[in-house]
Amino acid sequence: MEEGFLHGCDRPSVLDAAVAHPDPRVRSRPADTFRPKLTSDQWVRLVRAELSPHRRVLWAERACVWGAELPEDLYDDLLAGPSRAQAAELPGLPAQHLPGLAADADPRVRAAACARWEDLAAPLRERLLADTDYAVRTAALLAHHTGVPMPSEVFAALPDPRQALERCRLAPDLEAELVRDGDAEIRRALAANPSLGAHSVAVLAQDLQDDIRSAVALRPDLTEEQRATVRYDFDPTSMSHTLPWVEDLHDDVDAMRRLATSPHPLVRRSVARVRHLPPDVVARLAQDKDRVVHLFLAESCQDAPADMLLEVWRWWDGSFSQPDRPRSHPNFPRAGLLRYTADPSG
């Protein structure tokens, strides 16, 4: 009954009925799909209707991931509940809440406030850097050094330097030393650090370790010409996830046009996840040599051409995504698709 009610439900009326359903399992089903198509209003109603404080924050977090705009009073309610520490980590939290979070009695909440370091006033930053709780001080220190270079003596005092290697801006002499003399684990962590200098990136792009070069190959600060010069390892049969930095650019048409020409399949696969793409980008991806690009285009892009949809349908075995895709996907069947059934190519 529930399956029949929700199967392929992307129409607003069906989704409205689902999020208003008295059964929490039915209410949550539209949000728990592969690519939920709920509006901001539907997300808000789903969050408000959830009785479990933990799941309310979970749905709010998922709503933020999918671009929903949550009202300020909903954030107020979430922060007033027993899952306040989790709610404090919501990325869309209005800045007006930050002073209260930075002074909260719960150290988990104060640590969460450090994720919004750029939005915190200087006195709040100083308070967090001198916090009585070690975890809060560490979170503040790491946040502080995403903008201010971390000197060698601070780095040496860290009991676990991995997070600093992955995200902090390092003093030039420290960075050069770690790139030159650090062991493979250190260089591996540095390879994806967004603050790494151009010279260090170039050095790691020539690293003897395949996985280190492969991490460099997926850096967002490389041009596609630079990416093409990196010798990376890639298993075309491995599970693929959309690269976060490409997803952040999904609304940038020029960026998608540029990245659709990338020499790296994971970048092109990430472009193929965009719901709407210009005709020239769709045409390029539809001719891609990587069949998973075709699959992701068929699954995600509403502009995917009908002949490519049918081609994917022919070879699809359910190994890359949800088991019954693409047959349950809204792109299948597509209007006009049947005219390809007599295609001599089989």
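Source: prediction; values computed, not measured.

(A) Layout of the confidence of the model for the protein. Averaged over all residues, the pLDDT of the protein equals 85, while 81% of them reach at least 70. Residue range residues 1-10 is modelled with pLDDT below 50. Its contacts to residues more than four positions away, or to other chains, number 20 contacts. Contacts for the low-pLDDT stretch residues 340-346, under 50 throughout, to residues beyond four places or in other chains number 8 contacts.

(B) Structural detail: the nonpolar core. Grouped together as the largest cluster of nonpolar side chains are 35 residues, with contacts concentrated most on Trp-43, Leu-70, Leu-78, Leu-90, Leu-101, Trp-117 and Leu-128. Per element, the largest residue contribution to this core is 5 residues, and it comes from helix 5 (residues 53-65). Among all residues touching Trp-117, those that are not within four sequence positions of it are Arg-125, Leu-128, Leu-129, Ala-140, Ala-143 and His-144. By size, the runner-up hydrophobic cluster in this structure holds 30 residues, among which are Ala-260, Ala-286, Leu-295 and Phe-296.

(C) Up close: helix 22 (residues 279-286). Buried within helix 22 are the following residues: Val-281, Val-282, Leu-285 and Ala-286. Down the axis of helix 22, the smallest arc covering the buried residues is 130 degrees, so these residues share one side. As for helix 22, its buried residues are in contact with helix 20 (253-259), helix 21 (265-271), helix 23 (291-300) and helix 24 (306-315).

(D) Main features of the environment of Cys-301. One can find Cys-301 in the loop between helix 23 and helix 24. Separated by 27 residues in sequence, Cys-301 and Val-274 place their C-alpha atoms 5.7 Å apart.

(E) Just the pattern of salt bridges, in detail. Enumeration according to the criterion identifies 23 salt bridges in this entry. The residue Asp-73 makes a salt bridge to Arg-48 at a minimum N-O spacing of 3.1 Å. Placement of the pair is Asp-73 in helix 6 (residues 72-79) and Arg-48 in helix 4 (residues 40-49), with a sequence separation of 25 residues. Given a relative accessible area of 38%, Asp-73 falls into the partly exposed group. A salt bridge links Asp-221 to Arg-219; the shortest N-O distance between them is 2.8 Å. Assessed through its relative accessible area of 41%, Asp-221 is described here as partly exposed. Among the charged side chains, a salt-bridge network with shared partners connects Arg-162, Glu-166, Glu-185, Arg-188 and Asp-211.

(F) Main features of the packing of aromatic side chains. Considering all chains together, one arrives at 0 aromatic pairs under this definition. A cation over an aromatic ring shows up here: Arg-273 above the ring of Phe-296, its NZ or CZ 3.6 Å from the ring centre.

Conventions and cut-offs
- Residues numbered from 1 in each chain as written.
- Predicted model: local features only at pLDDT ≥ 70, side-chain atom pairs only at ≥ 80, totals over all residues.
- Heavy atoms only, no water.
- pLDDT = per-residue confidence, 0-100.
- Contact = heavy atoms within 4.5 Å.
- Core = buried A, V, L, I, M, F, W, Y, C linked by side-chain atoms within 4.5 Å.
- Buried < 20%, exposed > 50% of the residue type's maximum accessible area, 1.4 Å probe, protein only.
- Helix = DSSP H or I, 4+ residues; strand = E, 2+ residues; numbered from the N terminus.
- Arc of directions from axis to C-beta.
- Salt bridge = Lys/Arg side-chain N within 4 Å of Asp/Glu carboxyl O.
- Phe/Tyr/Trp six-rings, centres within 6.5 Å; stacked < 30°, edge-to-face > 60°.
- Lys NZ or Arg CZ within 6 Å of the ring centre and 35° of its normal.

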